[in-house]
Amino acid sequence: MQNVGLVMGKSSITDFSFAVNPSAIPKFGEYVTAINRDGEEVIGIVREISNFNRMILDEGFSFEYLVKNLDFSRRLIEKNDVIVATATVIGVVKDGEVYPNRTPIKPNSEVFLADDDVLSSLFKCDRGVELGRMIARPDISVSLDIKQLVLRHFAILSVTGGGKSNTVAVLVNDIVKKLNGTVVLIDPHGEYVGYTFEDGSERGKNVVPAGIRPERLEPWEFASLVGVDREKAAVQRMHLERIFTTVRHEGKAGREFVERVLDIAEEWINIAAGKGEAEYYDFNGIKRVATLDRQDLNALARIKEYVSSFMRRYEDLLSQNDMLANIKPSYLNVVNLSGFDEGQMRVVVAYLLRNLLVGRINYVRGKKGWEKICPAIVKPLLVIFEEGHIFAPKGVNNDVVSWMGRIAREGRKFGIGLGIVSQRPKRLNDDVLSQCNTKIILRITEPNDQRYVQHASEQISEDLLKDIASLGVGEAVVVGPAVKLPVAVKIRKFAGNYGGRDIDVVEEWLGREEEQKKQVTLEDLAV
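Nothing here was measured: the structure is a model prediction, and the numbers come from that model.

Caption draft 1: Main features of the overall build of the protein chain. The helix and strand inventory of the protein chain stands at 18 helices and 20 strands. The buried share of the protein chain, taken over its 527 residues, is 50%. Excluding contacts between residues fewer than 6 apart, the proportion of contacts in the protein chain whose partners are at least 24 apart in sequence is 70%. Here the protein chain displays about 25,900 Å² of accessible surface, and carbon together with sulfur accounts for 49% of that area.

Here you go:
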């Protein structure tokens, strides 16, 4: 191992400083080792390196004075150069694992660069995914522990163009192709519809159109789906939920279900206009009677308006082919939500999450029948949310957030995990982000985003924020249980095809110009 310095000054269980060997200066972010007072090998990461000269510490020296005397005493000045570095302690290395450090670093201990073999063993995972290579040591590959990544949940965060989609593409490829895993990718803009794996094929990809069987919704989910406000339209929701449970009792399905909702709404409007009684079935299938009068006319008319508008815009959503039945195990399942507004996306996703979790719970507990409703539940699932801030916005506790929270709490027991992807971290729900234990953080330059991410993660310290701000495109800091050490990684470039890439406007303009020139030439020849 290469000696890079000696421990000097005050040291503790969390950090130490060392005088740097000028012939072996470690880079910022390098891993170094030293011995603690119990004789254990402690690994740390270099967080600060400073260089000064004891002969010219006085800031009162003028430039002219230094220039005049520099040649005269150059050798003496060079002998007084001092390089000092500070390292943050990560833990004690034993048998390829890292444990908490309990005793301070021994003063005057030698400091060494961490051995390549040690780092390689720490970042190797037999059943993992190779994310990329260490920025500080490009020869060392960094793999993620997929079990920890999935069951402890993760977030991929970055500015636009920082490399989020490439990171998702790399993870999805290996999870599906190498580990035979099941991924459900929530795609609000249809960017992954054209995804191809690194072997050049689309075999293993399944594009799932957003389709819902309305009869399988809960009454309040249907009300939200058609746009009836939960807080401000209590009377409308009451009437619509009564109509909903009545239609479900009648055994209607798909488009016919919604058409019957409209028919009953029209019937109830006529009853209310003359004041009378309307029969309905409650949630438990018990027949009830409601008295309607002119005070109910406005609410019923609004219900009819909402449902009619929904039918005009989203008729295709009410297909007989429920998306749950179309999700396949051991596939990348791209749920294409393009064309829907954000409110409807959230209703669809809440419905999906509820049934995936409930289905997995029932399947694991040995209850039959759920695998027919959703074949994918026979294996563990990973649900990845592109544009996560759409579904779990900050300060909002919607149905998606509720189901995300339940999966975050219970998912590891039943084999279902979450991955959140966003270029707007500060707009993400605090609870959701804090429950994503592994964070893959690409370049984030906005200070408020940096602070928000730090606030939501115990592993991100002040010095790691400096790393995040200085990252290039495709580089990331990874912290959490999926890696044994916090690490800066150059993420490997995905060899397949995925959406989300920037359009090369200049190339397209020039390409279009060439096409026009060819067209003109062909026309001239024809003449």
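Following the structure, the description resumes.
Caption draft 2: Region of interest: helix H8 (residues 254-274). If you check H8, its first and last C-alpha atoms are 32 Å apart, about what 21 residues at 1.5 Å a residue would give, namely 30 Å. For H8, every residue scored as buried is listed here: Gly254, Phe257, Val258, Val261, Leu262, Ile264, Ala265, Trp268, Ile269 and Ala272. Projected down its long axis, H8 shows its buried positions confined to an angular sector of 165 degrees, all on one face. For H8, the exposed residues set more than 90 degrees away from the buried face come down to Asn270 and Gly274. The elements touched by buried residues of H8 are helix H6 (219-226), helix H7 (234-250), strand E13 (276-281), strand E14 (287-292) and helix H9 (297-314). Following H8 by one or two positions, Lys275 adopts a phi angle in the positive range, close to 60 degrees.

Caption draft 3: The sheet that holds strand E17 (residues 416-422), seen in detail. A sheet is described by the order of its strands in space; here 11 strands give the open sequence E9-E8-E20-E19-E18-E10-E17-E16-E11-E15-E12, paired in mixed fashion. Every interior strand has two partners, whereas the edge strands, strand E9 (141-145) and strand E12 (205-209), have only one. The average undirected angle you get between the axes of adjacent strands in this sheet is 30 degrees. With five bridges connecting them, strand E11 (residues 182-187) and strand E16 (residues 381-385) associate as parallel partners. Bridging across to E16, Val184 finds its partner in Val383. Of the strands in this sheet, strand E8 (128-134), E9, strand E10 (154-157), E11, strand E15 (332-336), E16, E17, strand E18 (438-441) and strand E20 (487-491) touch helix H5 (residues 164-177), which is tilted by about 140 degrees from E8.

Caption draft 4: Examining the environment of Arg409 more closely. Inspection of the secondary structure puts Arg409 in helix H14 (residues 399-414). Accessibility expressed as a relative area gives 53% for Arg409, which makes it exposed. Placed 258 residues apart in sequence, Arg409 and Leu151 show a C-alpha to C-alpha distance of 9.9 Å.

Caption draft 5: Local environment of the packing of aromatic side chains. All told, the structure shown has 10 aromatic pairs when counted by the stated rule. Considering the side-chain rings of Phe16 and Phe18, the 6.1 Å spacing of their centres and the 40 degrees angle between planes classify their relative orientation as tilted. With respect to burial, Phe16 and Phe18 carry one shared label: buried. Aromatic side chains Phe222 and Phe244 sit 5.3 Å apart centroid to centroid with 40 degrees between the ring planes, which places their arrangement in the tilted category. Linking Phe222 in helix H6 with Phe244 in helix H7, this pair joins segments that are 22 residues apart in sequence. We classify Phe222 as buried; its relative accessible area is 0%. The buried category is assigned to Phe244, whose relative accessible area is 0%. One aromatic cluster in this structure is built from Tyr195, Phe197, Phe494 and Tyr498.

Caption draft 6: Up close: unusual backbone geometry. For Asn180, which is not a glycine, the phi torsion comes out positive at approximately 60 degrees. Within the secondary structure layout, Asn180 lies in the loop between H5 and E11.

About the cut-offs
Residues numbered from 1 in each chain as written. Predicted model: local features only at pLDDT ≥ 70, side-chain atom pairs only at ≥ 80, totals over all residues. Heavy atoms only, no water. Helix = DSSP H or I, 4+ residues; strand = E, 2+ residues; numbered from the N terminus. Buried < 20%, exposed > 50% of the residue type's maximum accessible area, 1.4 Å probe, protein only. Contact = heavy atoms within 4.5 Å. Areas by Shrake-Rupley, 256 points an atom, 1.4 Å probe, with all protein chains shown as cover. Expected span 1.5 Å × (residues − 1). Arc of directions from axis to C-beta. Pairing = 2+ DSSP bridges. Axes fitted to C-alpha atoms, helices over the stretch in contact; angles between N-to-C directions. Phe/Tyr/Trp six-rings, centres within 6.5 Å; stacked < 30°, edge-to-face > 60°.

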